[in-house]
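# Survey of secondary and tertiary structure
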Amino acid sequence: MQFKEKKIVILGAGISGIGVAGILQQLGANVILNDAKPAEKIKQDFSGLETQGVKMIFGMQDESILQDVDYLVISPGLSINLPLIQKAKSLGILVMSEVEVAYQLCRAPIIAITGTNGKTTTTTLVGEMLQTTGKEIVIGGNIGSSLTKEVAGVTSAGMVVAEISSFQLEGAVDFRPKIAAILNLTPDHLDRHKTMEIYKKTKETIFKNQTADDFLVLNYDDAQVRDMAERAAARVMFFSRKEELSEGIYVKNETITILWDGKKYEVCSVNDIKIKGGHNIENTLAACGMAFLAGAKVTEVAKVIEKFGGVEHRIEFVARINGVEYYNDSKATNPESSIKALEAFDGHVILIAGGRDKKTDLTEFVQLISDKVDHLILLGEAQARFKEAACQRGVKNIHTVQSFEEAVHVAYNLAGANQVVLLSPACSSYDMFDNYEERGKVFKDLVRQLG
């Protein structure tokens, strides 16, 4: 795919939009960066793009920007079903995501990781495992800065590890990772994808262009993910926490075991995994499988597992105050992710939840709340629906608050020794914050002020 001298409109002036705009302009494209918000409401510095000659149109977003356009690059926050994007398709304009642009420019093999939950932890862990190979390793995608910027300088001798969301996969065209992984699949983003079938199909885009020369790592314990093997052209490696596999990566006698091409490798004990929760055993299995397929030595992989302490905002220990431990799980943007966090604790949790409601089913979530949570503190746009669901389940001690500061102080006043305060919202952050990272940092700052 050629970008030089092409007229390209980039929709969305966020991190990925700014990153891809600069790279494409450097490649000789005629780039227009567009956002429906006025410039003064966008928290970004555009001075570098202005110097490069990128044209910027802010405060409007209509069909007039499509005139004589060759390519339309969409940011993850914009649904491919928007009328403007559908209009572009009808005009014969090639629509793609920023991840597709990165793929077109990338000279190194890509390891791409998707799934409803666990993507950031697994991506980070794979990256650290592959660092042991001595090769140049780049980590990007739905984690950190734009993937296009990250891959710009990597050579064919390096490797790229990319976290890929369903939003990014909506605009994939030729995207073909050397190794792809789907960790799990549970209801999420249904406010955008509408049905689980559409959501599942979007996730499967990660392997649709793979061939028999590629690899696909799938969760055998998740029936919907296991089923994807039937539609894959790549060679499949399953991972399982619950069953001993005839081939793949699994747990036997509490030992992570790889059985591949007739050879067996024992990696390490699951007790060596420092990050909390059964879901993190699954994430570690998937990471081991990908790192193994990419050429990492099993002995080096084991060393990384023993040292890995997790990622920021995912069941992240913040502080111990008056015998009470505080954990930041701001990355839990859906009920399934919050369920995994609650399962990592024995009980006596004071849970802070709520935010922008994704309208996902709350049945299992509130059932676990009734079993493990001593006090439920709710805030944000989802507050009323969450409270109703919890009340129907018979959950007691529900507290509604109007701000994050109030939530933390209520938790502090309620908490006693041997209890745990957990921020695990089960919602996105956009009703109160720009992203889950900001939400998590605010929570940590408020907690540290308590001490």
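Shown above is the structure to which this text applies.
Residues numbered from 1 in each chain as written. Predicted model: local features only at pLDDT ≥ 70, side-chain atom pairs only at ≥ 80, totals over all residues. Heavy atoms only, no water.

## Some words on the pairing of strand β4 (residues 71–74)
Selection criterion: Each residue is placed in one exposure class: buried if its accessible area under a 1.4 Å probe, protein chains only, is under 20% of its type's maximum, exposed if it is over 50%, and partly exposed if it falls in between. Helix and strand definitions follow DSSP, with helices as H or I runs of at least four residues and strands as E runs of at least two, each counted in order from the N terminus. Strand pairing is assigned whenever DSSP identifies at least 2 bridges connecting the two strands. With the strands aimed away from the viewer, a crossover counts as right-handed if its path from the first strand over the helix to the second runs clockwise.
Burial of β4 is two-sided: the residues Y71 and V73 facing one way and the residues L72 and I74 facing the other way are all buried. Direction of pairing for strand β1 (residues 7–11) relative to β4: parallel, over a ladder of 4 bridges. Paired with I8 across the two strands is Y71, which belongs to β4. Here β4 pairs with strand β5 (residues 94–97) via 4 bridges, running parallel. Bridge assignment links L72 to a residue of β5, and that residue is V95. In this region the chain leaves β4, passes through helix α3 (residues 83–90) and returns to the parallel neighbour β5; the handedness of that crossover is right-handed.

## Regarding the sheet that holds strand β15 (residues 316–321)
Filter applied, for reference: For helices, the axis comes from a line fit to the C-alpha atoms of the stretch in contact; other axes are also lines fit to C-alpha atoms, and the angle between any two N-to-C directions lies between 0 and 180 degrees.
Taking strand neighbours across the sheet as the criterion, the 6 strands line up as β15-β16-β20-β17-β18-β19 in an open arrangement whose pairing is mixed. Both edges of this open sheet fall to β15 and β19 (398–400), since each of them pairs with a single strand only. Adjacent strand axes in the sheet meet at a mean angle of 20 degrees, parallel and antiparallel pairs treated alike. As paired strands, strand β17 (residues 349–353) and strand β20 (residues 420–423) are joined by 4 bridges and run parallel to one another.

## Regarding the pattern of salt bridges
Short version of the rule: A side-chain nitrogen of Lys or Arg and a carboxyl oxygen of Asp or Glu constitute a salt bridge if their distance falls within 4 Å.
Counting across every chain of the model gives 19 salt bridges. For D227, the salt bridge goes to R231, with nearest N and O atoms at 2.6 Å. According to the relative accessible area criterion, R231 is partly exposed, its value standing at 41%. Between D329 and R314 there is a salt bridge whose closest N-O contact spans 2.2 Å. Here D329, found in the loop between β16 (324–328) and α13 (335–343), pairs with R314, found in the loop between α12 (298–307) and β15; they are 15 residues apart in sequence, far enough to count as distant. Like D329, the residue R314 is buried in the burial classification.

## Section: the nonpolar core
Just so we agree on the cut-off: Buried Ala, Val, Leu, Ile, Met, Phe, Trp, Tyr and Cys residues that are joined via side-chain atoms within 4.5 Å together make up what is termed a nonpolar core. Whether two residues are in contact is decided by their heavy atoms, any of which lying within 4.5 Å being enough.
Ranked by internal contacts, the top residues of the largest apolar core, which has 43 residues, are M129, L130, I256, V267, M290 and I305. No other element matches the 9 residues that helix α11 (residues 278–293) contributes to this core. What L130 contacts, discounting residues up to four positions off in sequence, is I111, I137, M159, V161, A291, A294 and A296. If you look at the next biggest cluster of nonpolar residues, it comprises 33 residues, including F175, F207, V225 and A234.

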